[in-house]
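Architecture and fold: a report
Now for the letters of each chain:
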Amino acid sequence: MIVVASDHGGLSLKSAICAVLKEREIVYRDLGTDNGDSVDYPDFAAKVAAQVSSGEAEQGVLICGTGIGISIAANKYPGVRAALVHDPFTAKMSKEHNNANILVMGGRVLSEVEARNLVTIWLDTAFEGGRHQKRLDKITAIEENLRSSR
Ligand code: RB5
């Protein structure tokens with residue numbers, strides 16, 4: 001199950017992404033925003049990142065104007081690897097090397113055609129594991145050390 005959300009700056013790209021998921025018969029939940037009113041991107045990052053962090057959702061997609069703010073906020077959640085991607089290469093690498101469980105894009109950066117392509121690449125790419133798993137384990141260790149030092 002994939003959870004999807006955006007702020008007002010990512011609203012039209014979100015519709016394009018939901019259309020891709022629907023076409024591919026992938027189960028997804030659209031967690032808003034639902035209209036063009038100005039909202040705060042951390043609220044929508046939290047909706048998606050909390051579900052990915054808890055395991056309630058396997059993956060997520062987040063969009064704000066640039067993708068920057070919403071990725072910063074999502075990456076505060078333990079176990080979340082939110083990757084801001086801009087092109088086919090970064091979309092592929094985000095899964096192959098980083099096993100990104102949240103794909104992030106900029107609604108004021110990409111066209112709908114580009115965003116559809118990037119989400120398709122991310123969905124269709126597999127994590128390589130191996131030396132990359134060891135690096136992800138180090139990220140998990142950082143999270144655990146921070147938690148136990150609080
Ligand atoms: C909203 O105007 C804008 O700041 C937001 O969508 C995003 O680009 C933040 O990083």
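First things first, this report covers the structure right here in the doc.

Thresholds, definitions, all that
- Residues numbered from 1 in each chain as written.
- Predicted model: local features only at pLDDT ≥ 70, side-chain atom pairs only at ≥ 80, totals over all residues.
- Heavy atoms only, no water.
- Axes fitted to C-alpha atoms, helices over the stretch in contact; angles between N-to-C directions.
- Helix = DSSP H or I, 4+ residues; strand = E, 2+ residues; numbered from the N terminus.
- Parallel < 35°, antiparallel > 145°, perpendicular 65-115°, else oblique.
- Left-handed = near helix turned anticlockwise from the far one by under 90°.
- Contact = heavy atoms within 4.5 Å.
- Nonpolar A, V, L, I, M, F, W, Y, C, P; charged D, E, K, R; others polar.
- Expected span 1.5 Å × (residues − 1).
- Buried < 20%, exposed > 50% of the residue type's maximum accessible area, 1.4 Å probe, protein only.
- Phe/Tyr/Trp six-rings, centres within 6.5 Å; stacked < 30°, edge-to-face > 60°.
- Lys NZ or Arg CZ within 6 Å of the ring centre and 35° of its normal.
- Near = heavy atom within 4 Å.
- Polar contact = N/O pair within 3.5 Å; in protein donor to acceptor, adjacent residues only side chain to side chain.
- Areas by Shrake-Rupley, 256 points an atom, 1.4 Å probe, with all protein chains shown as cover.

Attention now goes to the packing of helix α1 (residues 11-23) against helix α5 (residues 112-124). Angle between the axes and distance between the axes: these two values describe a pair of packed helices. For the pair α1 and α5, the least separation of the axes is 9 Å and the interaxial angle reads 45°. The angle between the axes of α1 and α5 places the two elements in the oblique class. At the point where α1 passes α5, the crossing takes the right-handed sense. Judged by residue contacts, Ser 12, Leu 13, Ala 16, Ile 17, Ala 19, Val 20, Leu 21 and Glu 23 of α1 engage Glu 112, Ala 115, Arg 116, Val 119, Thr 120 and Leu 123 from α5. Among the residues forming the contact of α1 with α5, the class breakdown is nine nonpolar, two polar and three charged.

For helix α2 (residues 41-54), built from 14 residues, the straight-helix expectation of 20 Å at 1.5 Å per residue is met to within 8% by its first-to-last C-alpha distance of 20 Å. Among the residues of α2, Phe 44, Ala 45, Val 48, Ala 49, Gln 51 and Val 52 are the ones counted as buried. In the core, the buried residues of α2 are packed alongside β1 (2-6), β2 (28-30), β3 (59-64), α3 (68-74) and β5 (102-106). Positive backbone phi, approximately 90°, marks Gly 55, located one or two places after α2.

On to the packing of aromatic side chains, then. Enumeration according to the criterion identifies zero aromatic pairs in this entry. Sitting over the ring of Trp 122, Lys 95 keeps its end group 4.8 Å from the ring centre.

Turning to the site of the ligand, a few remarks are in order. In the vicinity of the ligand, the contacting residues are Asp 7, His 8, Tyr 41, Cys 64, Gly 65, Thr 66, Gly 69 and Arg 108. The side chain of Asp 7 places a nitrogen or oxygen atom 2.6 Å from an oxygen atom of the ligand. Here the ligand has 290 Å² of accessible area as a free molecule, and 71% of this is covered by the chains. Broken down by class, the residue content of the shell around the ligand amounts to two nonpolar, four polar and two charged.

Any functional reading would require information that these geometric values do not contain.
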